[in-house]
Amino acid sequence: MASWLDYTINGLIVGNVYALVAVGLALIFGVSRLINFAQGSIYLVGAYIGWVAVVQLHTPLPITIIFVAVVAALVGLIIERFGLRPLQNSVRIAPLLATIGISFVLDQLVMLTFSPNPRALPSQLPDVRFQLGGGTIGPLDLLIAGVGISSALSLFVFLRYSKLGWAVRAASQDRDAAMQMGVDVNRVNQAVFGIAAALGGVSGLLVGMYYNQIDTAMSLQATLKGVVAEVVGGAGNVPGAVVGSLLLGLVESYGVAVFGTSYRNLFAFLLLVVVLVLRPNGLFASARQAPPEPLTGTFIAPSRPVRIPRWALAVAVAAFAVLPLLPVSFYMLQTLINAWLLGMLALSLTLVAGTIGQVSLGHAALLAIGAYTSALLSLTLAVPVGLAIIAGGLMSAALGTILISPSFRLRGHYVSIATLAIGEIVSLVILNWESVTRGPIGISGIPPLSLFGYDLISPNSVYWFSFAVMVALALLQARLLSSHLGRSFRAIRDDDIAARAYGLSLNRYKSLAFIFGGFAAGVSGGIAAHLYSYINHETFNTQQSILALTVVILGGLGNVVGAVVGAVALVGLPEIFRIAAEYRILIYGIVLLLLVRFRPQGLLGTI
Amino acid sequence: MTMSSPEPLLALTNVNTFYGQAQVHFGLSITVGRGHIVCLLGGNASGKSTTMKIILGLVKPRSGEVTFDGASLIGLTTPQIVRRGIASVPEARRLFADMSVRENILMGAFVRSDREAIAQDLDKMLTLFPKLGQRLSQRAGSLSGGEQQMVAMARALMSRPRMIVMDEPTMGLSPLYVDRVLELIRTINQEGVSVFMVEQNASLALEIAHEAYVLQTGKIVLSGSARTLKDDPRVRDAYLGGSEAA
Ligand SMILES: Nc1ncnc2c1ncn2[C@@H]1O[C@H](COP(=O)(O)OP(=O)(O)OP(=O)(O)O)[C@@H](O)[C@H]1O
Ligand SMILES: [Mg+2]
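These numbers were taken from a predicted model, which means no experiment stands behind them.

### As for the overall build of chain B
Looking only at helices and strands, one finds 9 helices and 10 strands in chain B. If you line up chain B on its principal axes, its C-alpha atoms span 45 × 40 × 40 Å. Taking all 246 residues of chain B together, the buried fraction comes to 54%. Contacts in chain B between residues far apart in sequence, at least 24 positions, make up 69% of those at least 6 positions apart. Only carbon and sulfur atoms are counted for the fraction: they give 51% of the accessible area of chain B, which is about 11000 Å². In chain B, which carries 26 positive and 23 negative side-chain charges, the distance between the mean positions of the two groups comes to 4 Å.

Below is the structure:
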């Protein structure tokens, strides 16, 4: 039976680990107003470099730490130089998307190099525990605390007494003014990325030793926790990030003490959402601090969309409709069914992210809500599947909009963080609400698709059904966008202050977009549930949210035809080229990076 | 009567500037003579601040030439331009709000590395701006507007510049501080620093300037020595036009 003191110690130790990640995020945000979604990947790289050092090179502990810090810093420098610096003059969403792409690439490279199986990372320290008051503490706890405190101190000395440190502080307060003092902002960025990466890498090493195990799922978790701690402390606020991290560690640890381990992350994300809603500038922001996001300016690349004549679209729809009658393989049909399901999700996301400018990173949650609603209704209440799917869509529309509504007052990158957190919360609620969702066991035996009493079992019928639903949703959305409503959506995206000045109620329009988008995504999730016949809390995950985002960027944000084209391209091309599954995520990451760099308006252009 | 003016320190020649599709400067030509105070007058949105940004390399002109001491500044980064000897007092001061007054002033010496001389210069700033003495460890963001203007000027001087560019240094200041600022600009200039300043308040600026230019929607409509411009009715028009637009 662990004591409260144990939980406190554990919370502070974990908080120290988070702090190493969060401080780096805060430094980077301070200088470039960017949330670095690749921070967790550097942490992952740190853990695996540490594994190589400890297990293969047999380095002593101090050398291991230095080795990890240096390699991680190099990775950070490379990311800054080749991933982000070329995007300096792009639209504001570009660097954010680039860090997401980079994190996909790094995670997959680690996975391909080391296999996805967990590995043991020995701690290199004696396994003893000392009594301390009513609790115990071990050498590793002390090491983590020591690294945390000495890093914080070194950072303090660096920022306060070195010339480069002054430059970092000046640039994070006023970038242009710092340049006018002769500060080379590129060098500052480099320094900040190097430091952030070194700290992040060491953090990964320490966590691996702490839990004695490393695996590739660590990456996203670390990014999320770091972002939570950073936002709680106030984005860009370095001391705030440390306090936010310790607070997060304690909240989690006490939460686990009271409710159990599976609640750990739920507390983290609830804390984030509460802080975002009540104090978006963090707990310690002074009132006079400028909002960290610029209020105006293009967030999404403007462009002239490619006009596709109606007859060509009609021909394409007809061609895909008759496809099952041709001698095509079962495999091909299945691939296209996946593309249509992803297409529905992309329609939803392109509306929300592209047309109204709320770049959601948690869109898979809408799939999950639709899927669970439809599955449970048909399974437990014997609701006909067709109706259950519609109910799933409506539930996603309603619940999704309610869940997201607290973030309506946020802008830009903050919307992405909030939606990411809300997505995680949905999946964690599904995991923990066992009486309804069956928790970690998931739902099996979901009845197959059926319509008016006829089961849709054959691949052809499933194909036609999903294609028809997607086309119907796309037509509806195209109508919507050409209406007055669509123009209001775009006005809000392009300049919400002006839109408000014209008397548009932002909340109402954002709600409408999420209601429509939630319905499309929920229907997609519902169909998927009946197709798969088994779902659990991990079926619809962040990776899918990011895949959907890549699809809509590929097609052109806001572009209805683009969303479908993007879905077919991203699902279909890897199949055509027979790319092995483990390389696909890598390819998606690379596609995202290339798009952001060379064609931010996508294939068909933003609308 | 043409006065023989010294060889220009700064020259903008035929500069055209755009923000996206919108043209802000139309063939702008301005020269600042060595040791002179030159003033750019103009109403709101006439392109004054953009002219400063062009000099500092914060905005790139689409065409035209900018030279400082005979060498082109085109293609240089802002820090490189600063190292050539141009310091700035930006619009609305732009201090580093969370850094102390001392740190703000010392940031001005960022391009220098002669520690002892920097310390001496800091002392010199405190004699030039005696009010800042008691405020050195205070957060810069907590100072009054007038005090902030002093810090911004001290910060600019710390790089030992050959030229200072200032964007509306008297904006929002009480009359007492306005006089103080103008006097300081004159003092700075007498120590050999050339000054290029942007102003909306023509009568104030013409008090201390040697030459002036009047900018209207991106075009120079008038220029000449401050003495002749002061009596020019068109300046009064432009000046009134400027304040009406405000
Ligand atoms: N970053 C920018 N992007 C787009 N347009 C800009 C930008 N900065 C300035 N402008 C526009 O360029 C024009 C000139 O601006 P500038 O700031 O140079 O004017 P100004 O003469 O300094 O005005 P003020 O007296 O109000 O300071 C204005 O119409 C302004 O809206
Ligand atoms: Mg101006």
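Text resumes after the structure shown.
### Considering the interface of chain A and chain B
With 18 residues of chain A at the contact, the number on the chain B side is 25 residues. Roughly 2000 Å² is buried in total at the junction of chain A and chain B, and carbon and sulfur atoms are behind 60% of that figure. Three residues, W166, Q180 and M181 of chain A, lead the burial of chain A against chain B; their summed loss comes to 37% of the area buried on that side. Between R94 of chain B and D174 of chain A there is a salt bridge; the shortest N-O distance is 2.5 Å. Seen at the junction of chain A and chain B, the total is 8 residue pairs in polar contact (both at pLDDT 80 or more). With 6 residues, the top contributor of residues to the side of chain A that touches chain B is helix α6 (residues 163-173) of chain A.

### A look at the coordination of the magnesium ion (ligand 2)
Note on metal geometry: ideal angles are 109.5 degrees for four donors arranged tetrahedrally and 90 or 180 degrees for six donors arranged octahedrally. Residues and elements named next belong to chain B. Note on the magnesium ion (ligand 2): its protein donors are S49 (OG) and E91 (OE). The metal-donor distances range over 1.9 to 2.5 Å. With S49 in helix α1 (residues 48-56) and E91 in the loop between β6 (86-89) and α3 (101-107), this pair connects stretches of sequence that are 42 residues apart. With a relative accessible area of 15%, S49 lands in the buried category.

### Overview of the confidence of the model for chain B
Residues and elements named next belong to chain B. Residue-level pLDDT values for chain B average 89, and 93% of them are 70 or greater. Confidence drops under pLDDT 50 across residues 240-246; counting only partners more than four residues distant or on other chains, this segment forms 5 contacts. Listed scores for the predicted complex are pTM 0.88 and ipTM 0.91.

### Focus: the nonpolar core
As a rule of thumb, nonpolar side chains are buried together in soluble globular proteins. Counting residues in each nonpolar core, the largest one holds 207 residues, and the members touching the most others are I79, I527 and I535 of chain A together with M107 of chain B. Each of two domains, domain 1 (20-227) and domain 2 (310-598) of chain A, supplies a minimum of three residues to this core. The residues contacting I535 of chain A, other than those within four sequence positions of it, are A371, Y372, A375, G442, I443, I446, A529 and F540 of chain A. Counting 51 residues, the second-largest nonpolar core is a separate cluster that includes L122, L157, A202 and A205 of chain B.

### What about the site of ligand 1?
Residues and elements named next belong to chain B. Around ligand 1 there are 13 residues in total, and A45, K48, S49, T50 and E91 lie nearest to it. Residue S46 places a main-chain N or O atom 3.2 Å away from an oxygen atom belonging to ligand 1. A distance of 3.0 Å separates an oxygen atom of ligand 1 from a polar side-chain atom of Q200. With 3 residues, α1 is the single largest residue contributor to the shell around ligand 1. In the shell around ligand 1, the residues fall into 3 nonpolar, 7 polar and 3 charged.

### Describing the packing of aromatic side chains
All names here are of chain A. Tallied over the full model, the rule gives 14 aromatic pairs over all chains. With centroids separated by 5.6 Å and ring planes inclined at 40°, the aromatic side chains of F259 and Y263 adopt a geometry described as tilted. Here the aromatic rings of F408 and F514 are separated by 5.8 Å at their centres, their planes lie at 40°, and the arrangement is tilted. Taken together, the residues F408 in the loop between α15 (385-404) and α16 (412-432) and F514 in helix α21 (residues 506-532) connect sequence positions 106 residues apart. Each member of the aromatic cluster is reached from another via a ring pair, and the members are F320, W340, Y463 and F467.

### Considerations on the pairing of strand β9 (residues 211-216) of chain B
All names here are of chain B. In terms of residue burial, β9 counts as a mostly covered element, since 5 of its 6 residues are buried. Bridge count for strand β3 (residues 37-42) against β9 is 5 bridges, and the pairing is parallel. The residue bridging V38 from the neighbouring strand is E211, located in β9. Bridge count for β9 against strand β10 (residues 219-225) is 6 bridges, and the pairing is antiparallel. Of the residues in β10, the one forming a bridge with Y213 is S223. Counted along the chain from β9 to the antiparallel partner β10, the turn is 2 residues long, and its residue T217 has a positive phi close to 35°.

### With respect to a nonpolar patch on the surface
There is a patch of nonpolar side chains on the surface, built from I66, V70, L74 and L77 of chain A and spanning about 350 Å² of accessible area. Owing to a relative accessible area of 48%, L74 of chain A belongs among the partly exposed residues under this scheme.

### Here's the deal with the packing of helix α5 (residues 145-157) of chain B against helix α6 (residues 175-190) of chain B
Residue and element names in this part refer to chain B. Look at α5 against α6: their axes get within 10 Å of each other, and the N-to-C directions meet at 10°. Classed by the angle they form, the pair α5 and α6 counts as roughly parallel. Residues G146, E147, Q149, M150, M153 and L157 of α5 lie in contact with α6, whose contacting residues are Y177, R180, V181, L184, I185 and I188. When grouped by side-chain class, the residues that make up the contact of α5 with α6 number 8 nonpolar, 2 polar and 2 charged.

### Notes on the sheet that holds β9 of chain B
All names here are of chain B. Here we have 6 strands laid out as an open sheet, ordered β6-β7-β8-β3-β9-β10, and mixed in their pairing. The outermost strands of the open sheet, each flanked by one partner alone, are β6 and β10. Strand after strand, the sheet turns through a mean of 15° between neighbouring axes, direction not considered. Taken strand by strand, α5 contacts β6 and β7 (163-167), and its axis lies near 175° from that of β6.

### Looking at the sheet that holds strand β2 (residues 22-33) of chain B
Residues and elements named next belong to chain B. Read from one edge to the other, the open sheet built from 4 strands follows the order β2-β1-β4-β5, with strand pairing classed as antiparallel. Each of the sheet's edge strands pairs with one partner strand only, and the pair in question is β2 and β5 (71-72). Bridge analysis of strand β1 (residues 8-19) against β2 gives 8 bridges, and the strand direction is antiparallel. Bridging from a neighbouring strand, A11 pairs with T31 of β2. Sitting on the sheet, α1 touches β1, β2 and β4 (63-68), and the angle it makes with β1 is about 115°.

### Describing the domain arrangement of chain A
Residue and element names in this part refer to chain A. Here chain A is described as being made up of domain 1 (20-227) and domain 2 (310-598). Opposite the 25 residues of domain 1 that make contact, domain 2 presents 23 residues. For the pair domain 1 and domain 2, the two sides together bury roughly 2200 Å², of which 84% comes from carbon and sulfur. Along the contact surface separating domain 1 from domain 2 lie 0 salt bridges. Where the side of domain 1 that touches domain 2 is concerned, the elements lending two or more residues are α4 (93-114) and α9 (218-233). Among the elements that take part in the side of domain 1 that touches domain 2, α4 stands out by supplying 13 residues, more than any other.

### Digging into unusual backbone geometry
The backbone phi angle of H58 of chain A is positive, close to 55°, even though this residue is not glycine. The topology assignment puts H58 of chain A in the loop between α2 (39-56) and α3 (61-84). At T217 of chain B, a residue that is not glycine, the phi angle is positive and equals roughly 35°. Mapped onto the elements, T217 of chain B comes out in the loop between β9 and β10.

### Here we look at helix α23 (residues 560-576) of chain A
Residue and element names in this part refer to chain A. Helix length check: α23 (17 residues) gives 24 Å between terminal C-alpha atoms against 24 Å at 1.5 Å per residue, within 8%. Of the residues making up α23, those classed as buried are V560, G562, A563, V564, G566, A567, A569, L570, V571, G572, P574 and E575. Structurally, α23 contributes buried residues whose contacts are with α13 (330-355), α18 (459-482), α22 (542-555) and α24 (581-598). The opening residue of α23 is N559, an N-cap whose side-chain oxygen sits 3.3 Å from the backbone nitrogen of V561. With its phi angle positive at about 50°, R578 sits one or two positions after the end of α23.

Conventions we followed
- Residues numbered from 1 in each chain as written.
- Chains lettered and ligands numbered in written order.
- Predicted model: local features only at pLDDT ≥ 70, side-chain atom pairs only at ≥ 80, totals over all residues.
- Heavy atoms only, no water.
- Helix = DSSP H or I, 4+ residues; strand = E, 2+ residues; numbered from the N terminus.
- Buried < 20%, exposed > 50% of the residue type's maximum accessible area, 1.4 Å probe, protein only.
- Contact = heavy atoms within 4.5 Å.
- Areas by Shrake-Rupley, 256 points an atom, 1.4 Å probe, with all protein chains shown as cover.
- Lys, Arg positive; Asp, Glu negative; His and termini not counted.
- Charge placed at Lys NZ, Arg CZ, Asp CG, Glu CD.
- Buried area = accessible area lost by both parts, 1.4 Å probe.
- Salt bridge = Lys/Arg side-chain N within 4 Å of Asp/Glu carboxyl O.
- Polar contact = N/O pair within 3.5 Å; in protein donor to acceptor, adjacent residues only side chain to side chain.
- Donors = N, O, S within 2.8 Å, 3.2 Å for Na, K, Ca; no water.
- pLDDT = per-residue confidence, 0-100.
- Core = buried A, V, L, I, M, F, W, Y, C linked by side-chain atoms within 4.5 Å.
- Domains from an automatic or database assignment.
- Near = heavy atom within 4 Å.
- Nonpolar A, V, L, I, M, F, W, Y, C, P; charged D, E, K, R; others polar.
- Phe/Tyr/Trp six-rings, centres within 6.5 Å; stacked < 30°, edge-to-face > 60°.
- Pairing = 2+ DSSP bridges.
- Patch = residues over 30% accessible without salt bridge, like charges linked within 9 Å, V, L, I, M, F, W, Y side chains within 5 Å.
- Axes fitted to C-alpha atoms, helices over the stretch in contact; angles between N-to-C directions.
- Parallel < 35°, antiparallel > 145°, perpendicular 65-115°, else oblique.
- Expected span 1.5 Å × (residues − 1).

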